[in-house]
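# Descriptive analysis of the structure
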Amino acid sequence: MSAIRAKVAGRALGPGDRLPSIRKLAATMAVSPSTVVEAYDRLAAEGLIRARRGSGFYVAATTMPPLALADVEPRRDRAVDPFWVSRQSLDADAAVLKPGCGWLPADWMPEAALRRAFRALARSDDSLLADYGSTRGSLALRRYLLARFAEDGVEASIDQLLLTGSGTQATDLVCRFLLRPGDTVLVDDPCYFNFRALLRAHQVKIVGVPYTPSGPDVARFEKILAAERPRLYITNSALHNPTGATLSLQTAHRVLRAAAAHELAIIEDDIFADLEPERSPRLAALDGLTNVIRIGSFSKTLSASVRCGYIAARPDWIEHLVDLQVATSFGGPSPVATEVIANVLAGGGYRKHMDELRQKLARTRRDLGRKLAALGLEPWLMPRGGFFLWCRLPDGLDSTDVARAALAEDVVLAPGNVFSVSQTASSFLRFNVAQSTEPRMWDMMRRALGSKMRQ
């Protein structure tokens, strides 16, 4: 394949030219004819060559020009908005450091268990490998999730649970169901930046409520509900993104009381649940899944590549959400993905993996906190678990400026205002502790912080 590509690139073979016969090229290159057949088939699949029945293989009449570097790199001059961190992190090559991204490194995931699950998948029935997923998703995985819900005090039945293609799709489906353009939605300030990006796509009014170490500022929460009449509130109760804070029981009761008085629905994004060392209060448990919708996924603890999310809600809402998922995705999540996830979770090693991961994260959080303090960055709080640290920069520094300087050195940071509706977090950066261990990052931070840094 490389030899033929080189001839096309060097103009030794041009559009419409006939390639050597299979037997001739096999003899020339001292390989078997089957090797040449496979090479030709792969090049045809790429569109570089074309097969003509009874005639042989020919260079395609139009071949793709070589990709310019600008075609494959993320745009670095784009506005620093809720999409900025996602685009820079997702499109970055392997050499770019990503302390601003929202996932764990691949070698922190249960790779051995995933490989065993994929090997078991290869022995599965043909239907699992080829058919659409059922409308609600894998029954085995849903039963497993119900058992995990019970550990959080969330009592639910099988008809209250729907599997989705991802946690983001779960949020999107609920928004499609509950919202109309022009509705008001309440989010924490700061909040996960993709909540803002997704809500922008739904053309709703976004209002932020200040977030405290024990949850939303309840007095402001109550005033906003009375003044704005939001239709929906989206939050993380446990290991809040980006702050790492955890909802207190007292705050949870007051939030639910105010929500009930104003007929407010709540999405409780519980994607970080398994990273908690001990379980904290859950709105879904206190509410009984009446007006609270619990969503989550496995991308933070198992694999961001094998995508699957879930929605737990009251049965009548689930019925509508099933129809929405059929309309937008024609069925539930990939049976291949759910089979792999169910296999890993049922294998017995997942709990051990999570125990080890929580301990590793605790050590790394402490180490990173000390390193940041030495540079003059102050963690807003030290979280009980998870992998985020929400840090204040030294006085006079703007996190957007620091992030742009870092990007010039192939380091993606997460500046505070991408998380803030009110744009009042310019002095903050969110660090992913698991992605912040490379010495090169600290050299860059010293340069980016400049004279404000303590040596």
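Residues numbered from 1 in each chain as written. Predicted model: local features only at pLDDT ≥ 70, side-chain atom pairs only at ≥ 80, totals over all residues. Heavy atoms only, no water.

### With respect to the sheet that holds strand S3 (residues 161-164)
We count it as follows: Note on pairing: two strands pair once DSSP finds at least 2 bridges between them. Helix numbering and strand numbering both begin at the N terminus, where a helix is a DSSP run of H or I of at least 4 residues and a strand a DSSP run of E of at least 2. What makes two residues a contact is simply this: any of their non-hydrogen atoms within 4.5 Å. Axis lines are fitted to C-alpha atoms, over the contacting stretch for helices. Their N-to-C directions set the angle, which ranges from 0 to 180 degrees.
If you trace the 8 strands from one edge of the open sheet to the other, you get S3-S10-S9-S8-S7-S4-S5-S6, paired in mixed fashion. Both edges of this open sheet fall to S3 and strand S6 (215-216), since each of them pairs with a single strand only. Note: strand S4 (residues 184-189) against strand S7 (residues 232-235), 3 bridges, orientation parallel. Bridging from a neighbouring strand, Val-185 pairs with Leu-232 of S7. Helix-sheet contacts for helix H9 (residues 167-178) involve S3, S7, strand S8 (265-269), strand S9 (292-297) and strand S10 (309-312), and the interaxial angle to S9 is about 155°.

### Concerning the packing of aromatic side chains
Quick reminder of the rule: Classification of ring pairs uses Phe, Tyr and Trp, with its six-membered ring standing for Trp, and accepts pairs whose centres are within 6.5 Å; under 30 degrees between planes counts as stacked, over 60 as edge-to-face, and the remaining range as tilted. Relative accessibility decides the category of a residue: with a 1.4 Å probe and only protein chains considered, values under 20% of the type maximum give buried, values over 50% give exposed, and everything between is partly exposed. Look at NZ for Lys and CZ for Arg. If either is within 6 Å of the ring centre and within 35 degrees of the ring normal, a charge sits over the ring.
For the structure on display, the rule yields 13 aromatic pairs. Ring geometry for Phe-387 and Phe-388: centres 4.8 Å apart, planes at 65°, overall edge-to-face. Exposure class is identical for Phe-387 and Phe-388. Each is buried. Ring pairing ties together the aromatic residues Tyr-192, Phe-193, Phe-195, Trp-390, Phe-419 and Phe-428, which thus form one cluster. The ring of Tyr-58 has Arg-52 lying over it, and the distance from NZ or CZ to the ring centre is 3.8 Å.

### Section: the environment of Ser-420
Relative to the elements of secondary structure, Ser-420 occurs in the loop between strand S13 (414-415) and strand S14 (428-432). Measuring from C-alpha to C-alpha, the distance between Ser-420 and Arg-180 comes to 23 Å, with 240 residues separating the pair along the chain. Ignoring anything within four residues of it in the chain, the contact list for Ser-420 reads Asp-189, Pro-190, Arg-196 and Ala-425.

### Things to note about the confidence of the model for the chain
A low pLDDT means the predicted coordinates there should not be read in detail. To keep things clear, this is the line we draw: Residue-level confidence of the predictor is what pLDDT reports, using numbers from 0 through 100.
Here the chain averages 92 in pLDDT, while 95% of its residues score no lower than 70. The low-confidence segment residues 67-72 (pLDDT under 50) makes 1 contact with residues lying over four places distant or belonging to another chain. Under a pLDDT of 50 for its full length, residues 451-455 has, in the predicted model, 12 contacts with residues more than four places off or in other chains.

### With respect to helix H8 (residues 139-151)
We apply this condition: Any helix carries an expected span of 1.5 Å times its number of residues minus one. N or O atoms closer than or at 3.5 Å make up a polar contact, with two conditions inside protein: a donor-capable atom paired with an acceptor-capable one, and, for residues adjacent in sequence, both atoms drawn from side chains.
Along its 13 residues, H8 runs 19 Å from first to last C-alpha, staying within 8% of the 18 Å computed at 1.5 Å per residue. When we look at burial in H8, the residues that qualify are Leu-141, Arg-142, Tyr-144, Leu-145, Leu-146, Arg-148 and Phe-149. Looking at the buried residues of H8, the elements they touch are S3, S9, S10, helix H15 (335-346) and helix H16 (350-374). Two or three places before Ala-140, at the opening of H8, Ser-138 has a side-chain oxygen 3.4 Å from that residue's backbone nitrogen. The first or second residue beyond H8 is Gly-153, which carries a positive phi of 80°.

### Let's talk about the packing of helix H11 (residues 218-228) against helix H12 (residues 249-261)
Two packed helices can be described by the angle between their axes and the distance between those axes. Here is the rule: When an angle is under 35 degrees it counts as roughly parallel; over 145 it counts as roughly antiparallel; between 65 and 115 it counts as roughly perpendicular; any other value is oblique. Just so you know the grouping, Ala, Val, Leu, Ile, Met, Phe, Trp, Tyr, Cys and Pro go in nonpolar, Asp, Glu, Lys and Arg go in charged, and all remaining residues, Gly too, go in polar.
One can describe the packing of H11 onto H12 by two numbers: an axis separation of 10 Å at closest approach and a directional angle of 10°. On the basis of their axis angle, the class for H11 and H12 is roughly parallel. Packed against H11, whose contacting residues are Val-218, Phe-221, Glu-222 and Leu-225, the element H12 presents Thr-251, Arg-254, Val-255, Ala-258 and Ala-259 at the interface. The residue makeup of the contact of H11 with H12, split by class, is 6 nonpolar, 1 polar and 2 charged.

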